[in-house]
Amino acid sequence: MDDVDYTSEQLMDDAPEPLGNDADFPRSPVPLHLSHYDQAGEAQMVDVSDKLATRREAVASAFVELSDTVLEALPRNPKGNPLEVARFAGIQAAKQTSTLIPMCHQIALSLVDVQTKIVEGGVAIEATAATVAGTGVEMEAMVAASIAALTVYDMTKALDKGIRIREVVLMRKTGGKSGEYRRGSL
């Protein structure tokens, strides 16, 4: 949304009509390239039992936009070091990804690393997850980055409710059938 403040009445005037429940919508076949749907359009967990267990790694990032006042106060936070707490929260969150995202597989993580860095305008977060398994760790890396960012917000919200979490993205991934991906490359 823009930086414009809207009243609740203005938001409701622009809101679409309620869509109803699932029974109101006929299911249509979903394109085959969406692996989390079967031929009838029902969500499913992908069967990865035939995939080779290979080393897979993913790196995600997030940015927490903070005012200069909040950035200056970070070392003196009465709750503790926000960046260290955010690191631990991101690591813990990566290990819980399959309980948060319904179709994610529970996988043994061989590495979760979350780095936080104060930069101009906020805190940059980078989360790395790795495994040797039959499925990737993109979601684990993205959950780690997201929760680390939310933790920075939680630890600093007393100073500013206008903090923004931006740009939670997959930066790169390696391994598996689809091979290597690097954000910004074709």
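A brief report on the enclosed structure follows. (Residues numbered from 1 in each chain as written. Predicted model: local features only at pLDDT ≥ 70, side-chain atom pairs only at ≥ 80, totals over all residues. Heavy atoms only, no water.)

### A few points about the sheet that holds strand S3 (residues 122-133)
- Across the sheet, which stays open at both edges, the 5 strands sit in the order S2-S3-S1-S4-S5 with antiparallel pairing between neighbours. Pairing within the sheet leaves two strands with one partner each, and these edge strands are strand S2 (109-119) and strand S5 (181-182).
- Pairing between strand S4 (residues 164-174) and S5: 2 bridges, direction antiparallel. Residue pairing across strands places Arg-172 opposite Arg-182, the latter belonging to S5.
- Lying over the sheet, helix H3 (residues 82-94) contacts S2 and S3, oriented at roughly 150° with respect to S2. (Pairing = 2+ DSSP bridges. Helix = DSSP H or I, 4+ residues; strand = E, 2+ residues; numbered from the N terminus. Contact = heavy atoms within 4.5 Å. Axes fitted to C-alpha atoms, helices over the stretch in contact; angles between N-to-C directions.)

### Digging into the environment of Glu-84
- Within the element layout of this structure, Glu-84 appears in helix H3.
- Counting along the chain gives 30 residues from Glu-84 to Val-114, while the straight-line C-alpha distance between them is 9.5 Å.

### Side note on the pairing of S3
- For S3, the buried fraction is high: 9 of the 12 residues fall into the buried class.
- In this sheet, S3 lies alongside strand S1 (residues 54-65) in antiparallel orientation, the contact comprising 12 bridges. Bridging across to S3, Glu-57 finds its partner in Ala-130.
- Pairing between S2 and S3: 10 bridges, direction antiparallel. If you follow Val-119 over to S3, its bridge partner there is Gly-122.
- In sequence, S2 turns back onto S3 through a hairpin of 2 residues, with Gly-121 there showing a positive phi of about 90°. (Buried < 20%, exposed > 50% of the residue type's maximum accessible area, 1.4 Å probe, protein only.)

### Observations regarding unusual backbone geometry
- One non-glycine residue, Glu-167, adopts positive backbone phi at about 55°.
- Structurally, the position occupied by Glu-167 is in strand S4.
- Classification of Glu-167 as partly exposed rests on a relative accessible area of 49%.

### Looking at a nonpolar patch on the surface
- A contiguous nonpolar surface patch, about 210 Å² in accessible area, is contributed by Leu-150, Ile-165 and Val-168.
- Its relative accessible area of 46% is what places Leu-150 among the partly exposed residues. (Patch = residues over 30% accessible without salt bridge, like charges linked within 9 Å, V, L, I, M, F, W, Y side chains within 5 Å. Areas by Shrake-Rupley, 256 points an atom, 1.4 Å probe, with all protein chains shown as cover. Salt bridge = Lys/Arg side-chain N within 4 Å of Asp/Glu carboxyl O.)

### Details of the side chain of Thr-128
- You can see Thr-128 is positioned in strand S3.
- Relative accessible area serves as the criterion here: at 12%, Thr-128 is assigned to the buried category.
- Residue contacts for Thr-128: discarding those within four places in its chain leaves Glu-57, Ala-58, Val-59, Leu-111, Val-112 and Asp-113.

### As for the pattern of salt bridges
- Applying the stated criterion across every chain, the model contains 6 salt bridges.
- Between Arg-166 and Glu-65 there is a salt bridge, with its nearest N and O atoms 2.3 Å apart. Of the two residues, Arg-166 is situated in strand S4 and Glu-65 in strand S1; the sequence distance between them amounts to 101 residues.
- Among the ionic pairs, Arg-182 bridges to Glu-180, the shortest N-O distance being 2.9 Å.
- Look at Arg-182 and you get partly exposed, because its relative accessible area is 42%.

### Regarding the packing of H3 against helix H5 (residues 138-156)
- Running from N to C, H3 and H5 cross one another at 145°; their axes reach a closest spacing of 7 Å. For the pair H3 and H5, the crossing hand works out as right-handed. Every residue of H5 that contacts H3 at Pro-82, Leu-83, Val-85, Ala-86, Ala-89, Gly-90, Ala-93 and Ala-94 is listed here: Glu-140, Val-143, Ala-144, Ile-147, Ala-148, Thr-151, Val-152, Met-155 and Thr-156.
- Grouping the constituent residues of the contact of H3 with H5 by class yields 13 nonpolar, 3 polar and 1 charged. (Left-handed = near helix turned anticlockwise from the far one by under 90°. Nonpolar A, V, L, I, M, F, W, Y, C, P; charged D, E, K, R; others polar.)

### Let's talk about H3
- Between its first and last C-alpha, H3 extends 18 Å over 13 residues, near the 18 Å set by a 1.5 Å rise per residue.
- Inspection of H3 places Pro-82, Leu-83, Ala-86, Ala-89, Gly-90, Ala-93 and Ala-94 among the buried residues, and these make up the whole buried set. For H3, the angular spread of the buried residues around the axis is 130°, confining them to a single face.
- The inward-facing, buried residues of H3 contact helix H4 (97-100), S2, S3 and H5.
- The opening residue of H3, the one whose side-chain oxygen lies 2.9 Å from the backbone nitrogen of Leu-83, is Asn-81. (Expected span 1.5 Å × (residues − 1). Arc of directions from axis to C-beta. Polar contact = N/O pair within 3.5 Å; in protein donor to acceptor, adjacent residues only side chain to side chain.)

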